[in-house]
Amino acid sequence: MGEVELVTKQGDSMVRKLLYEAANSILTRSRGNFALKTWAQKFAKRRGMRKARVALAKGGLPSSCTRCCVTALSSKREVR
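This write-up is about the structure you can find in this document. (Residues numbered from 1 in each chain as written. Predicted model: local features only at pLDDT ≥ 70, side-chain atom pairs only at ≥ 80, totals over all residues. Heavy atoms only, no water.)

**Focus on the overall build of the protein chain**
Consideration 1: On a plain count of helices and strands, the protein chain comes out with four helices and zero strands.
Consideration 2: Listing every helix and strand of the protein chain by position from the N terminus yields α-α-α-α.
Consideration 3: Buried positions account for 24% of the 80 residues belonging to the protein chain.
Consideration 4: A separation of at least 24 residues holds for 54% of the contacts in the protein chain among residues at least 6 apart in sequence.
Consideration 5: Put simply, the protein chain shows about 6100 Å² of open surface, and 53% of that area lies on carbon and sulfur atoms. (Helix = DSSP H or I, 4+ residues; strand = E, 2+ residues; numbered from the N terminus. Buried < 20%, exposed > 50% of the residue type's maximum accessible area, 1.4 Å probe, protein only. Contact = heavy atoms within 4.5 Å. Areas by Shrake-Rupley, 256 points an atom, 1.4 Å probe, with all protein chains shown as cover.)

Structure representation (C-alpha coordinates):
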(Lines give C-alpha, C1' and ligand atoms only; values in the text may rest on other atoms or scores of the structure.)
Protein backbone atom coordinates (compact mmCIF):
# COMPACT_ATOMS: atom_id res chain seq x y z
CA MET A 1 0.00 0.00 0.00
CA GLY A 2 1.32 3.47 -0.87
CA GLU A 3 1.94 6.37 1.46
CA VAL A 4 -1.25 8.10 2.63
CA GLU A 5 -1.02 11.88 2.56
CA LEU A 6 -3.25 14.61 3.93
CA VAL A 7 -6.20 15.62 1.82
CA THR A 8 -5.60 18.99 0.14
CA LYS A 9 -7.40 21.07 -2.45
CA GLN A 10 -4.89 19.84 -5.01
CA GLY A 11 -6.13 16.27 -4.57
CA ASP A 12 -9.06 14.48 -6.16
CA SER A 13 -12.24 16.49 -5.57
CA MET A 14 -14.47 13.40 -5.44
CA VAL A 15 -12.36 11.84 -2.67
CA ARG A 16 -12.49 15.14 -0.74
CA LYS A 17 -16.27 15.23 -1.00
CA LEU A 18 -16.61 11.62 0.08
CA LEU A 19 -14.31 12.14 3.07
CA TYR A 20 -16.31 15.23 4.11
CA GLU A 21 -19.56 13.26 3.84
CA ALA A 22 -18.04 10.42 5.88
CA ALA A 23 -17.00 12.90 8.56
CA ASN A 24 -20.49 14.39 8.57
CA SER A 25 -22.00 10.93 8.98
CA ILE A 26 -19.68 10.13 11.87
CA LEU A 27 -20.64 13.33 13.66
CA THR A 28 -24.35 13.43 12.98
CA ARG A 29 -25.70 10.00 12.06
CA SER A 30 -23.71 7.34 13.90
CA ARG A 31 -25.33 6.17 17.10
CA GLY A 32 -22.51 4.31 18.78
CA ASN A 33 -19.78 5.86 20.86
CA PHE A 34 -16.27 5.14 19.65
CA ALA A 35 -12.92 6.91 19.94
CA LEU A 36 -13.08 8.71 16.59
CA LYS A 37 -16.54 10.11 17.22
CA THR A 38 -15.62 11.17 20.76
CA TRP A 39 -12.53 12.97 19.46
CA ALA A 40 -14.56 14.73 16.76
CA GLN A 41 -17.28 15.79 19.21
CA LYS A 42 -14.71 17.30 21.59
CA PHE A 43 -13.11 19.10 18.65
CA ALA A 44 -16.53 20.36 17.53
CA LYS A 45 -17.23 21.81 20.98
CA ARG A 46 -13.95 23.72 20.89
CA ARG A 47 -13.86 24.81 17.24
CA GLY A 48 -17.32 24.28 15.76
CA MET A 49 -19.03 21.53 13.80
CA ARG A 50 -17.88 22.66 10.35
CA LYS A 51 -14.22 22.72 11.39
CA ALA A 52 -14.59 19.32 13.05
CA ARG A 53 -15.91 17.85 9.80
CA VAL A 54 -13.03 19.33 7.85
CA ALA A 55 -10.50 18.14 10.45
CA LEU A 56 -11.80 14.59 10.11
CA ALA A 57 -11.85 14.79 6.32
CA LYS A 58 -8.37 16.30 6.05
CA GLY A 59 -6.71 13.67 8.17
CA GLY A 60 -7.17 14.80 11.74
CA LEU A 61 -7.87 11.20 12.54
CA PRO A 62 -5.30 8.51 13.33
CA SER A 63 -3.25 7.38 10.34
CA SER A 64 -4.46 3.79 10.57
CA CYS A 65 -8.07 4.96 10.26
CA THR A 66 -7.14 7.30 7.40
CA ARG A 67 -5.66 4.40 5.48
CA CYS A 68 -8.83 2.36 5.98
CA CYS A 69 -11.10 5.22 4.87
CA VAL A 70 -9.05 6.08 1.79
CA THR A 71 -8.79 2.43 0.79
CA ALA A 72 -12.54 1.90 1.22
CA LEU A 73 -13.40 5.07 -0.68
CA SER A 74 -10.98 4.24 -3.49
CA SER A 75 -12.43 0.77 -3.91
CA LYS A 76 -16.00 2.15 -3.99
CA ARG A 77 -15.04 4.71 -6.59
CA GLU A 78 -13.48 2.04 -8.85
CA VAL A 79 -16.71 0.03 -8.76
CA ARG A 80 -18.80 2.95 -10.03
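**Some words on a positive patch on the surface**
Consideration 1: Residues Lys42, Lys45, Arg46, Arg47 and Lys51 make up a contiguous surface patch of positive charge.
Consideration 2: For the positive patch, the element with the most residues is helix α2 (residues 35-47), which contributes four residues.
Consideration 3: Tracing the backbone through its elements, the reader meets Lys42 in helix α2.
Consideration 4: Residue classification places Lys42 among the exposed residues on the basis of a relative accessible area of 53%. (Patch = residues over 30% accessible without salt bridge, like charges linked within 9 Å, V, L, I, M, F, W, Y side chains within 5 Å. Salt bridge = Lys/Arg side-chain N within 4 Å of Asp/Glu carboxyl O. Lys, Arg positive; Asp, Glu negative; His and termini not counted. Charge placed at Lys NZ, Arg CZ, Asp CG, Glu CD.)

**Focus on the packing of helix α1 (residues 13-28) against helix α3 (residues 49-58)**
Consideration 1: Axis separation between α1 and α3 bottoms out at 8 Å; the angle between their running directions is 125 degrees. In terms of their interaxial angle, α1 and α3 are classed as oblique. The handedness of the crossing between α1 and α3 is right-handed. Where α1 abuts α3, its residues Leu19, Tyr20, Ala23, Asn24, Ile26, Leu27 and Thr28 lie against Met49, Arg50, Ala52, Arg53, Val54, Leu56 and Ala57.
Consideration 2: Per-class residue counts for the contact of α1 with α3 are ten nonpolar, two polar and two charged. (Axes fitted to C-alpha atoms, helices over the stretch in contact; angles between N-to-C directions. Parallel < 35°, antiparallel > 145°, perpendicular 65-115°, else oblique. Left-handed = near helix turned anticlockwise from the far one by under 90°. Nonpolar A, V, L, I, M, F, W, Y, C, P; charged D, E, K, R; others polar.)

**Focus on the nonpolar core**
It is characteristic of soluble globular proteins that their nonpolar side chains tend to be buried jointly.
Consideration 1: Counting ten residues, the largest nonpolar core is built from Ala23, Ile26, Leu27, Leu36, Ala40, Phe43, Ala44, Ala52, Ala55 and Leu56.
Consideration 2: Listed by contribution, the elements that provide at least two residues to this core are α1, α2 and α3.
Consideration 3: When residues of this core are assigned to their parent elements, the largest contribution, four residues, is made by α2.
Consideration 4: When near neighbours in sequence (up to four residues on either side) are disregarded, Leu27 contacts Lys37, Ala40, Gln41, Met49, Ala52, Arg53 and Leu56. (Core = buried A, V, L, I, M, F, W, Y, C linked by side-chain atoms within 4.5 Å.)

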